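# An overview of the molecular structure
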Amino acid sequence: MGETILRAERINKDFGGVPVLKDIDLDIRRGEILGIIGENGAGKSTLMKIMSGIYQPTSGRVIMRGETVRIATPIDARALGISLVPQEFNLIRDLPVYNNVFLGSELRTKAGFLDKVAMKERTRSLLAQLNVTIDPEARIEAMSAAEKQMVEICKALAFEAQVLIMDEPTTMLTKYEIEILFRLVRKLRTGGMTIVYISHKLKEVKALCDRVVILRDGDLVHDGPTSEISFLEMAQKMVGRELGSIFPPKFEPDGETVFEVRGLTVPGVVENISFRLRKGEILGLAGLVGAGRTEIAETILGLRKKSSGSILKDGKELTIDEPADAVAAGISYLSEDRQGAGIITGFTVTRNVTLVSLADYCRSLFRLIDKKRERGKVQGYVDSFHIKTESLDKRLENLSGGNQQKVSLAKSIDTEPEILIVDEPTRGVDVSAKHEIYLFINDLARKGISCIFISSELEEIIGMCNRVVVMRDGKVAGTLEGDGIDEEEIMFYATGVHEEAAS
Amino acid sequence: MNATAAGKIDLEKYGSLIALGTLFILAAIIGRPYFLQIENLVNVMRQASYAGIIALGMTLVIISGGIDLSVGAMAAFVASCGVLFMNWILQASGGNETLAIAGGIVVMAMIGLLAGALNGLLITLGKIVPFIVTLGTMSIFRYVSLQMANAGEFASHSQNFGELGMAKLFSLDIGVGVLSLPLPVATLFVLATILGFVLDNTRYGRYLCAVGSNARVAQYSAVRVGSVRFWAYAINGLVVAASAVLLAARFNTVSTPNFGLGFELDAIAAVIIGGTAMSGGRGSIWGTVVGVFMLQIIQNMLNMAGLSPYLQGVVKGVVIIASVYIQRQKQ
């Protein structure tokens, strides 16, 4: 392993008197892939934001190549060769790739005008170096999450970054895309780059990183080679307690079919989708990002217009023109896009939870909101879901991602649905919140609620679902059941390799 | 924990009230001795209430994430139609004042509602941004009124309508002056009470905030976003009609070039000073009421200090910007 390139020395960081990082000492060595893991709120992102100039440490210093450096802004960090690929991409949707790559440090001609030709050329060669086929002139808005990430990495390369920090880089990626990313990261390491890989996905860290550092509640609790630590030890050190299996035992539904989709087609989006759902069943919808899983949910909800096909509940065809019709029919949806479509960050916990079900609280003579009953019900969710909030009147922007997700889930089930569609229910959520969410969903199934479980994390599809429908290019590629649900089969159907091999 | 949270909310809630109190004391000092005279205070309230009533409807529109620039012109249009209709009934009924006034008020309410609904439809079904729609209808309402009156006045032929404009709910000599409650002031408070209650205690109020805060989340949460937005403009139209009735009655005539001129700016200013977020999602009716009185007190105070009306306008502009700046710092 190479010499130390970047060192954090006794770094402390407080937010309003609350310590987030406590006396962190960390050496980052040239040419290594360093994994930093920890639950949400453990301080991973804060530490990296200090390294990349977004935050200033309360005390302690950062040493780069033996010299104490002051990283006051991201521009300072960039000049030192430290680049951060943030979890939420920092790209301007309306601008083409090359403009994004050089944003803020545009190449100029001698006359002082933008040198578009040089920027395009440089972008093209960087993209080629990454082995990706992206047009430098393509606009960001039309790109997939994976492509946007490549542009972010390209941005880092353009400034000759020596330390590349990636914050939860795989959250938005499919398994296939993750593999491409891993190959790329290894290639960058071979080129001498140092990569700091922040994640809470243990499997990825184990597969990719040379060394792993574990943070818990602002303390550095572990630092050692990845090869010398097992999954279980990593998980235990992250949460600081013993862990059982993260998935609850599956409940085998024996009820009749309560929900059915027949030949659902939305031109250009999904085609001829059919599946059935039994009472208390958890049906997985697997597939690559863009395979049409979320689109099916949106069509069921009336957010997209179907050209043909029917949706039946208890054998009767439903007419759903807008989400209100779906809610009335007992269908509820937990969005994958938490902040964009799931919760209102400016609303309090109470107002978020009852947003869909508000009519149930307006049963008095003048249809006024029964605030007492509303608060009582919401307090019930806060208690049973262990939602960490100072009060019911806290705005959601003050809650952590995991707690926001729990509020979002409470909101989806407050309508007392019979059919619950959850879309990436554990995205951006830490291990213990994940575990709790699995328990809730399992519990709902036991109570007879049928669930459509959309996820890109195969692990949870396999751990949670009774049956799995695998989608590819807007069509049902295959259905797996019981012991037949395994990772390889799902990937075969999702990528189409299985079919091609058979034909 | 709860106690500190409550303390914070109180500061947020009563911050503008404290500002109003401070301004009041300042005005009492600068405008001494006239400002504190009961008649002057009643007059300040009355003057504030015409645009103030409109500011209440504007609060709903702004909370929904929109804006309505057409309110002043709409008031002129509503009042013009109303006075014409009243005169027509007077003539047709052989001078039945009660019928004429009642009919006139009903017609103004309906036209206000329809005008607001037109804005709402263009915004929701037409999918045109509120700024553009109401910029257009502002021009339309104003120039249709001017065309109808040939840029002149519509004088009401009703005697009683003019008296209605001067009506006071009570008038009481309390020794140091005559304390009274003019009809427009009473209307302002009644409407504020109703709309404030709607905002806090009904589904519509909650949905309005949701739509203004994040329309996509609201849509996914089975809120009928279009309908919520539509009604904000329709209700605003109705509220504009209330102001139009009172202002038309005040002069018993409608001068089409001047009627309601600049009301949209006064109303928006009051809403913003009252702490409602321009980006929508949250706001307070009573904050707007405070904003309405603050603006009027400033004007009254500067009048008494002998500042020219032009410089008063400058001060008003500074106050609007400063109040938003201060609110931003607080967050």
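Definitions and cut-offs
- Residues numbered from 1 in each chain as written.
- Chains lettered and ligands numbered in written order.
- Predicted model: local features only at pLDDT ≥ 70, side-chain atom pairs only at ≥ 80, totals over all residues.
- Heavy atoms only, no water.
- Helix = DSSP H or I, 4+ residues; strand = E, 2+ residues; numbered from the N terminus.
- Rg over C-alpha atoms; globule rule 2.2 N^0.38 Å.
- Buried < 20%, exposed > 50% of the residue type's maximum accessible area, 1.4 Å probe, protein only.
- Contact = heavy atoms within 4.5 Å.
- Areas by Shrake-Rupley, 256 points an atom, 1.4 Å probe, with all protein chains shown as cover.
- Axes fitted to C-alpha atoms, helices over the stretch in contact; angles between N-to-C directions.
- Parallel < 35°, antiparallel > 145°, perpendicular 65-115°, else oblique.
- Pairing = 2+ DSSP bridges.
- Expected span 1.5 Å × (residues − 1).
- Arc of directions from axis to C-beta.
- Salt bridge = Lys/Arg side-chain N within 4 Å of Asp/Glu carboxyl O.

It is worth spelling out the overall build of chain A at this point. Across its full length, chain A holds 18 helices and 20 strands. The globule rule puts the C-alpha radius of gyration for 503 residues at 23 Å, and the 24 Å found for chain A is close to it. Taken over the C-alpha atoms alone, chain A extends approximately 70 × 55 × 50 Å along its principal axes. With 503 residues in all, chain A has 55% of them scored as buried. The long-range fraction of contacts in chain A, counting pairs at least 24 apart against all pairs at least 6 apart in sequence, stands at 66%. In the structure as shown, chain A presents an accessible area of about 21,600 Å², 48% of it carried by carbon and sulfur atoms.

For the rest of this paragraph, the subject is the packing of helix 7 (residues 183–201) of chain B against helix 8 (residues 203–213) of chain B. Residues and elements named next belong to chain B. Two numbers describe how helix 7 lies on helix 8: the axes approach to 5 Å, and their chain directions differ by 75°. Between helix 7 and helix 8, the interaxial angle falls into the category roughly perpendicular. Mapping the contact onto sequence places Val 198, Leu 199 and Asn 201 in helix 7 and Arg 203, Tyr 204, Gly 205, Arg 206, Leu 208 and Cys 209 in helix 8.

All names here are of chain A. Pairing is mixed across the open sheet formed by 6 strands, whose spatial order is 6-7-8-3-9-10. Edge strands, defined here as strands with exactly one partner in the open sheet, are strand 6 (82–85) and strand 10 (219–225). Taking the axes of each pair of neighbouring strands and ignoring which way they run, one obtains an average angle of 15° across the sheet. Against the sheet, helix 5 (residues 145–158) engages strand 6 and strand 7 (163–167), with an angle of about 175° to strand 6. Running over the sheet, helix 8 (residues 231–239) touches strand 3 (33–37), strand 9 (211–216) and strand 10 and is turned about 30° from strand 9.

Below, the discussion takes up helix 13 (residues 371–384) of chain A. Along its 14 residues, helix 13 of chain A runs 20 Å from first to last C-alpha, staying within 8% of the 20 Å computed at 1.5 Å per residue. The set of residues buried in helix 13 of chain A consists of Glu 374, Val 378, Tyr 381 and Val 382 of chain A. Looking down the long axis of helix 13 of chain A, one finds its buried residues gathered within 100° of arc, a one-sided arrangement. In the core, the buried residues of helix 13 of chain A are packed alongside helix 12 (349–353) and helix 14 (401–413) of chain A together with helix 8 of chain B.

Time to look at the sheet that holds strand 1 (residues 4–15) of chain A. Residue and element names in this part refer to chain A. Here 4 strands make up an open sheet; going across it, the order is 2-1-4-5 and the pairing antiparallel. Two strands lie at the open edges of the sheet, namely strand 2 (18–29) and strand 5 (67–69), each paired on one side alone. Ignoring which end each strand starts from, the neighbouring axes of this sheet average 25° apart. Bridging between strand 4 (residues 59–64) and strand 5 involves 3 bridges; their strand directions are antiparallel. Looking across to strand 5, one finds that Val 62 is bridged to Val 69.

What follows is about the pattern of salt bridges. Residues and elements named next belong to chain A. Per the stated rule, a full pass over the model turns up 39 salt bridges over all chains. With a closest N to O distance of 3.9 Å, Glu 141 and Arg 93 form a salt bridge. Here Arg 93 lies in the loop between strand 6 and helix 3 (97–101) and Glu 141 lies in the loop between helix 4 (116–129) and helix 5, a separation of 48 residues in the sequence. Judged by relative accessible area, Glu 141 falls into the partly exposed class, the value being 39%. Close ionic contact of Lys 377 with Glu 416 constitutes a salt bridge, the shortest N to O distance being 3.9 Å. Separated by 39 residues along the polypeptide, Lys 377 in helix 13 and Glu 416 in the loop between helix 14 and strand 17 (419–423) bring together distant segments of the chain.

It is worth stressing that arrangement in space is one thing and function is another; only the former is reported here.
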